[in-house]
Amino acid sequence: MTTPTFLGMPPFPVTARAALSDGQLRRNLAGATATIRDRRARSVAELDDWEALRAAGAALKDDVLVRLPELLAQLEANVSAAGGVVHWARDAAEANAIVTAIAESHGVAEIVKVKSMATQEIELNAALERSGIDVWETDLAEMIVQLGHDLPSHILVPAIHRNRSEIRDIFVREMGRVGRPAPAGITDQPAELAEAARLHLREKFLRARMAVSGGNFAIAETGSVAVVESEGNGRMCLTLPDVLVTVLGIEKLLPAWTDLEVFMQLLPRSSTAERMNPYTSIWTGVTPGDGPQEFHLILLDNGRTDTLIDPVGRQALRCIRCSACLNVCPIYERTGGTAYGSPYPGPIGAILTPQLRGIHRRPVDEQTASLPFASSLCGACFDACPVRIDIPEVLVHLRAKVVDQPGHRAERATMAAAAAVLRSPKRLAAVQALGGVTAGRARRLRLRGPGWIGGWFRDRDLVPPARMPFRRWWKERSR
Amino acid sequence: MAIALFVTCLADTLFPRAGIATVQVLERLGVEVDFPSAQTCCGQMHFNSGYRREAAQLAAGFAETFAGYEAVVSPSASCAAMVRHHYRRIDPDLVTPPVYELTEYLVDVLGVTDVGAYFPHRVVLHQTCHSLRLLRIGDRPRQLLAAVTGLELADPTHPDQCCGFGGTFAVKNPDTSAAMGTDKLNDLTTAGAEVVTSTDASCLMHLGGLAARRGGGPRFMHLAEILAATR
């Protein structure tokens, strides 16, 4: 099975245009995001201290970011003391090589996986496939994406762009090629689809000798790792195989066990709108005779230290991957997640991806550079964020980095000219007078042109400049 | 002492009636209004597009122009939010007088919700993102509209969703912007209104532009124009 990649996608405006013309996608997304959005709002409204929890979550994460070196060393010591093996990976290639080497050392031909954003980020599945190792995603939505040779489009619900009849077709077409086929005569009823997935996955859980997971939290004080999930597939992966490998972004730390109190309230309500998620697995190293007998923890940097350099941008590292910002985002709702060209879509992706790709150190490619502009700055994401990441602030901050890069010459000239006019009341008045005369008695403008002019006028008219601008009205009235 | 009107570059150039109406409403309530003629632009477009240097120059100009006034009133929530929220990120030492969006000034400072307006039409309010999520003006525009004689207020289904304007977002991501605007327009017109109003001329420029291209549809008026209307 080959895994598609986000690499080489065109900039956001281009991918968005394609997505917007897909009526089925827009209907699927509008329905799904509206449902999650309403449920989340209700579940958050149940707590009187929600704002205090958000503030606590932000403060705890900020403390982690400030003390990261010390806390990581503490985590490493405690994981090792509990029988785990800690590895450090500077980037995707190093992390993928470590996982591959572990798999090869045990001679395993297949691996089961719990849904993990970190392994999406490093494109682990593709790396393992190149070494001839089969990888099975066991989260239902992630499995739908994998079986459909598709890219994930949501952090929590990666197949949000699919409806159930599309899912049925994927199951019927693909399951038999990689394992137990979908039952004959299966319909698109959710219960039948879930049963088909259970039967298909059960074989893989019982056979696999190695599992790979991500982690929602790691506790420095105890050396424990926590995975929060809804389907129980995670529990299977984390307990049945002999070898467990966890790939964890270095920002996922919490100082103390008791800090989970805050995040176990923030995360389920923000992501699935549940008071409590169905399965929370927490383990510490290896327990003889119970669960995996070999545990590897790979601590992944992959651009996080570069992100930490930036005092404004680093707040993106507070993110707990709940996806509340995606569900409230009016842009995400219309374009879907694939348009963002990264496993991190939506508002958080627009600020996280460019930073992980090194925008603070060097110019970034055109696709990455387009991401901070994929927002109307409406602010709904900041209001929804359980750890108070001021996403609009970071977006604007990153835009400044992008326009300082080489290129953008035409835009820079336009903005400089606009500023020259707007700095001077005299020049502004002159431009107003010229505009008023040029527009004449037109009631609306309908122009053609390249760039921004074409962008505005493709679907919109414009009112003409006033023949009597306000400043002239004021002047004549005061006479 | 007079308050200073910050009319905004957009209203000055494209929607002067919003500025004129703001003057009329304030003067009817006994407020002395001054228009410092050195004013131009708050710098929001440059700031939000990443042009910090240009934004800083415009912000400094704003601070200089309005220095010494007791208060500044503006018919734009977005521009008021620019000054109040973002100037400190440009230059923490920049000092301006308090800047109010018009409905804030009327309801909070003057303590007025009935401004003596008469407007016998069915109206729908587009609540703008920056009025809701930066200024947090809540239902002040609705309170003012509810007190207008003859006015009937229609309710959209998704009152807090963005219209898709977003400054240069409208031209850098025109397809997404237009898709959001079309959905917003449909929501507003399904509410069955003759007039769409808002605290921000920029959103109305975008929605009105989409409606004009489509043909027909409601009229677009700044909130100040409705508050200025009398028998």
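Scroll up to find the structure this text is about.
Because the structure is predicted, anything quoted here is derived from the model rather than measured. (Residues numbered from 1 in each chain as written. Chains lettered and ligands numbered in written order. Predicted model: local features only at pLDDT ≥ 70, side-chain atom pairs only at ≥ 80, totals over all residues. Heavy atoms only, no water.)

Remarks on the overall build of chain B
Step number 1: When its secondary structure is counted, chain B shows 12 helices and 8 strands.
Step number 2: Computed over its C-alpha atoms, the radius of gyration of chain B comes to 17 Å, within 12% of the 17 Å expected for a compact globule of 231 residues.
Step number 3: Dimensions of chain B, computed from the C-alpha atoms along their principal axes, are close to 45 × 45 × 25 Å.
Step number 4: Sorting the 231 residues of chain B into buried and exposed places 64% on the buried side. (Helix = DSSP H or I, 4+ residues; strand = E, 2+ residues; numbered from the N terminus. Rg over C-alpha atoms; globule rule 2.2 N^0.38 Å. Buried < 20%, exposed > 50% of the residue type's maximum accessible area, 1.4 Å probe, protein only.)

Section: the interface of chain A and chain B
Step number 1: Listed per partner, the contact involves 62 residues of chain A and 60 residues of chain B.
Step number 2: Interface of chain A and chain B: buried area, both sides summed, is about 5500 Å²; carbon and sulfur atoms make up 59% of it.
Step number 3: Inspection of the region where chain A meets chain B yields 11 salt bridges.
Step number 4: A salt bridge links Lys172(B) to Glu411(A), with the shortest nitrogen-to-oxygen separation between them at 2.7 Å.
Step number 5: Applying the counting criterion to the chain A and chain B interface returns 34 residue pairs in polar contact (both at pLDDT 80 or more).
Step number 6: Looking at the side of chain A that touches chain B element by element, the count peaks at 7 residues for helix α20 (residues 409-422) of chain A.
Step number 7: Looking at side-chain class alone, the side of chain A that touches chain B contains 34 nonpolar, 8 polar and 20 charged residues. (Contact = heavy atoms within 4.5 Å. Buried area = accessible area lost by both parts, 1.4 Å probe. Salt bridge = Lys/Arg side-chain N within 4 Å of Asp/Glu carboxyl O. Polar contact = N/O pair within 3.5 Å; in protein donor to acceptor, adjacent residues only side chain to side chain. Nonpolar A, V, L, I, M, F, W, Y, C, P; charged D, E, K, R; others polar.)

A closer look at helix α11 (residues 201-214) of chain B
Step number 1: The terminal C-alpha atoms of α11(B) lie 19 Å apart, and with 14 residues this matches the ideal 20 Å at 1.5 Å per residue to within 8%.
Step number 2: When you tally the buried positions in α11(B), you get 12 out of 14 residues, the bulk of the element.
Step number 3: Residues Ala201(B), Ser202(B), Cys203(B), Leu204(B), Met205(B), His206(B), Leu207(B), Gly208(B), Gly209(B), Leu210(B), Ala211(B) and Ala212(B) constitute the buried set of α11(B).
Step number 4: As for α11(B), its buried residues are in contact with α22 (451-457) of chain A together with α1 (9-13), β5 (122-126), α10 (174-190), β7 (195-198) and β8 (219-222) of chain B.
Step number 5: Looking at the residues trailing α11(B), positive phi occurs at Gly215(B), about 90°. (Expected span 1.5 Å × (residues − 1).)

Some details on the side chain of Asp301(A)
Residues and elements named next belong to chain A.
Step number 1: Here Asp301 is to be found in the loop between β10 (294-300) and α13 (304-308).
Step number 2: No salt bridge is formed by the buried Asp301, whose closest oppositely charged neighbour, Arg304, lies at an N-O distance of 6.0 Å.
Step number 3: Only 2.9 Å separates the side chain of Asp301 from the backbone nitrogen of Arg304, close enough to count as a polar contact.
Step number 4: Here the side chain of Asp301 touches Thr305 through a polar contact of 2.2 Å, side chain to side chain.
Step number 5: Those residues in contact with Asp301, other than ones at most four positions away along the chain, are Ala89, Arg90 and Ile250. (Lys, Arg positive; Asp, Glu negative; His and termini not counted.)

A short note on the packing of helix α8 (residues 140-147) of chain A against helix α9 (residues 164-178) of chain A
Residue and element names in this part refer to chain A.
Step number 1: Between α8 and α9, the least distance of the axes is 9 Å, while the angle of their chain directions is 75°. When the interaxial angle is binned, α8 and α9 end up roughly perpendicular. Every residue of α9 that contacts α8 at Leu140, Met143, Ile144 and Leu147 is listed here: Ile167, Ile170, Phe171, Glu174, Met175 and Val178.
Step number 2: Per-class residue counts for the contact of α8 with α9 are 9 nonpolar, no polar and 1 charged. (Axes fitted to C-alpha atoms, helices over the stretch in contact; angles between N-to-C directions. Parallel < 35°, antiparallel > 145°, perpendicular 65-115°, else oblique.)

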